[in-house]
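Survey of secondary and tertiary structure
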Amino acid sequence: MAIDLADDAIHALNRAAAAAAREGGEAIEPRHVLAGVISQADPKLLEILSQLDLDPATLPGPLRDVPETYEGHLPFTPAAHKVLAAAVEATSAEEPGATGSAHLLLGVARAGGPGSSAVLGEWGLSPGALAAVLASRPASAAPAKADTVQTASAATTLLLAAILPFACAPADPFAATPADGPVPEIGPAPADYRPTAAGAPSTDIWIGRIGRGAGGALQVRDLVNATDRDGYDNQPAFDPSGTAVYYTSAVDSTQTETFRLLLQPNAAEQVTHTPGASEFSPTPIPAQDAFSAIREERGRQFLWRYGADGSGMGPIFATVEPVGYHAWANGTVAAMFVLGDPPTLRVGDALSGEVRTVAENPGRSIHRIPGSEDISFVRKVAEEEWWIERLDPLTGEATRLARTPTGREDYAWTPEGEILIGDGARLLAWSAEAGWWEVAHLDETDGGDISRIAVSGDGTRIALVRNRP
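My aim in this report is to walk through the structure given alongside it, one point at a time. (Residues numbered from 1 in each chain as written. Predicted model: local features only at pLDDT ≥ 70, side-chain atom pairs only at ≥ 80, totals over all residues. Heavy atoms only, no water.)

Details of the overall build of the chain
On a plain count of helices and strands, the chain comes out with nine helices and 24 strands. Taking 23 Å as the expected radius of gyration for a compact globule of 469 residues, we find that the chain reaches 23 Å, a close match to that expectation. Sequence separation of at least 24 residues holds for 51% of the intrachain contacts in the chain that already meet a minimum separation of 6. Total accessible area on the chain is roughly 20100 Å²; 50% of this is exposed by carbon and sulfur atoms. A gap of 2 Å separates the mean positions of the 34 positive and 61 negative side-chain charges of the chain. (Helix = DSSP H or I, 4+ residues; strand = E, 2+ residues; numbered from the N terminus. Rg over C-alpha atoms; globule rule 2.2 N^0.38 Å. Contact = heavy atoms within 4.5 Å. Areas by Shrake-Rupley, 256 points an atom, 1.4 Å probe, with all protein chains shown as cover. Lys, Arg positive; Asp, Glu negative; His and termini not counted. Charge placed at Lys NZ, Arg CZ, Asp CG, Glu CD.)

Set out below in C-alpha cells:
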C-alpha cells in the first residue's frame, strides 16, 4: 500500500532515530517516536495540542530535548511498526492527505504499549479527543506531502524504513537451524542428574526507582518486594520499554519457567510453559520481539530463543553447551558463560555460527555496556581477586575497569556509565572518577544479601534480588 509521510513526520522519525541512538539503542521504539514527535514542535501539531489544552512543556525533559538529526539508520522494533501502522490507519480515516506528526502521536497513543500510554495518560491526552480534532480539520489543513525524491538522505532512509515493514513482514535474522549445525539429540538424563531448580534458594525480586540528588548523586528509593513468596524468583531483566521485568521463577521443586512482571499494575504472568524443561536467565534480544534464555532439559543446557508470547523459536547455537549465563552485544552476537573446568567465556555470532573462547574463569554476571556493543564480565584472577573487565567482542581484547568487593560478582550498569553492585545489604556504585561508594544500606530485617541487579534502559528503575529472611 502507498504511504505518504509529510515533511514534519519524516523529521519526527529522524529525531526518533536520534533519540534511540542517544540511549545506545539498536532500534526505534514507540517512546522514541513519541520523543521525535514532541521535540520537533511542529506548528500544526502545537495548534492541535492547544485545542486539547495540552502543553508539551509539561512532559518529561527527554521527550522534549532530542537532537535534530541522525545520519545513520536504525530499524523499527515490531512495537514501533504497530505505531506506524496505527498512524497510517488514522490518516486513511480522514480526507486524502499525508501522515503527519499528529497522526504519529495518535499512533503512539493507540499502539505504543503500556509505557507510552502511561506517559500520555498522565499528560492528559485522550486518543479519542485527538482523533476527533484530526477528523474535524478541513481537507486543506491536511499536512503537505513530502517530496520523497528531494528529502535529505537520512530522512529518505527512514522513510523507506517506515514503508517497508508494511510491504512485507520483517524478516527473521536467525535461521531455523543454528548456523553452527543441528542441535544433537538429547538422550536420557544421566543417573546422577539433579535439576538446577532442586537446589535453587528462596529469593525475592525487589523493584525500586533510581533518582539523582544534589550534584547528580545516585539515589535508590521506593523499593518494594514484588514477588514476596517462598521459592526461587530471580534473574530479572527489564524489557526494552522499561514497563515490565522478565524473570525466572520455580514453579515446583524441579522446574523453572519464565515469568513477566508488569510494573503498572504490579502483576505477574507466566510466559513459558515447557513441561520437561526449565528456563533460566531470560534476556530480551535487541531489535527483536523475542527473548533468549538458557533451556535446561535432561541435563543439557542450550541457549534458546522465545517469542514475547513464550512460544519456543528454537536453539540459537548447537555447539555451545552447557551454557550457564549470557548477554547480547547486539542483535546477533552473544557472550556466553560456558560451564566446565575451568568455565569459559565465549562469543558467538548467531548468523555465521562462529564461536570463539575469549576468557577463562569468568563470573556469571555478563552485560552489554550502555552506549556500545562492548561486553563487561567478571574475571576471577584468584580466589579473592575479581575484576570487572570491558571486552571488545570483535577483537577479544579486554581491559580492567574495577576490582569488585571481595566475593561479589553480580552487578549492573546505569545508562550514565556507573556500575551498581551488592555487598551484603549495601548497594554500592562505581565510576571511573570516584571509584566505589555506598548508595544505599537496605533494611536487613527485610531480606538477606543483594545478589543479581538489573537497571531499566532509561535508568529510572532498578530490580534487586535478595535472599528471603
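Continuing now.
Considering the environment of Ala197
With respect to the secondary-structure elements, Ala197 resides in the loop between helix H9 (153-167) and strand E1 (203-212). Setting aside residues no more than four positions away along its own chain, Ala197 makes contact with Ser253, Thr254, Gln255, Thr256 and Phe280.

Thoughts on helix H2 (residues 30-40)
With respect to burial, H2 is a largely interior element, ten of its eleven residues being buried. The positive-phi residue at the C-terminal boundary of H2 is Ala41, with phi of around 55°. (Buried < 20%, exposed > 50% of the residue type's maximum accessible area, 1.4 Å probe, protein only.)

Things to note about the packing of helix H6 (residues 101-111) against helix H7 (residues 113-123)
The interhelical angle for the contact between H6 and H7, taken along N-to-C directions, is 115°, at an axis separation of 7 Å. Contacts between H6 and H7 involve Leu105, Val108, Ala109 and Ala111 from the first element and Gly113, Ser116, Ser117 and Leu120 from the second. When the residues that make up the contact of H6 with H7 are grouped by side-chain class, the tally is five nonpolar, three polar and no charged. (Axes fitted to C-alpha atoms, helices over the stretch in contact; angles between N-to-C directions. Nonpolar A, V, L, I, M, F, W, Y, C, P; charged D, E, K, R; others polar.)

Notes on the pattern of salt bridges
Applying the stated rule across the entire model yields 25 salt bridges. The closest approach of N and O atoms between Arg229 and Asp233, which form a salt bridge, is 2.9 Å. Residue classification places Asp233 among the buried positions, given a relative accessible area of 1%. Between Arg408 and Asp449 there is a salt bridge, and its shortest N-O distance comes to 3.6 Å. (Salt bridge = Lys/Arg side-chain N within 4 Å of Asp/Glu carboxyl O.)

Examining helix H8 (residues 127-136)
Taken residue by residue, H8 has Leu130, Ala131, Val133 and Leu134 as its buried positions. Down the axis of H8, the buried side of the element spans an arc of 160°, and every buried residue falls inside it. Among the exposed residues of H8, those oriented more than 90 degrees off its buried face are Ala135 and Ser136. In this fold, the buried residues of H8 make contact with helix H3 (43-51) and H6. (Arc of directions from axis to C-beta.)

Section: the nonpolar core
Of all hydrophobic cores here, the largest spans 44 residues; its most connected members are Val33, Leu104, Leu105 and Leu125. Of all the elements in the fold, those that place two or more residues in this core are helix H1 (7-22), H2, H3, helix H5 (78-92), H6, H7 and H8. Per-element tally for this core: the top contributor is H1, with nine residues. Beyond its immediate stretch of four places on either side in the chain, Leu104 contacts Ala9, Ala12, Leu13, Val33, Val37, Val83, Leu84 and Ala87. (Core = buried A, V, L, I, M, F, W, Y, C linked by side-chain atoms within 4.5 Å.)

Section: the pairing of strand E10 (residues 312-315)
Inspection of the sheet shows strand E9 (residues 300-307) paired to E10 by three bridges, in the antiparallel sense. The partner of Tyr306 across the bridge, within E10, is Gly312. A loop of four residues connects E9 with E10, the two strands running antiparallel in sequence, and Gly310 in this loop sits at a positive phi of about 90°. (Pairing = 2+ DSSP bridges.)

Looking at the packing of H6 against H8
Put simply, H6 and H8 touch, their axes get as near as 10 Å, and they point 155° apart. When the axes of H6 and H8 are compared, the pair comes out roughly antiparallel. For the element pair H6 and H8, the recorded crossing hand is left-handed. Counted together, Ala102, His103, Leu105, Leu106, Ala109 and Arg110 of H6 and Pro127, Leu130, Ala131 and Leu134 of H8 form the full contact between these two elements. (Parallel < 35°, antiparallel > 145°, perpendicular 65-115°, else oblique. Left-handed = near helix turned anticlockwise from the far one by under 90°.)

Things to note about the side chain of His326
One can find His326 in strand E11 (residues 323-328). By relative accessible area, which is 6% here, His326 ends up buried.

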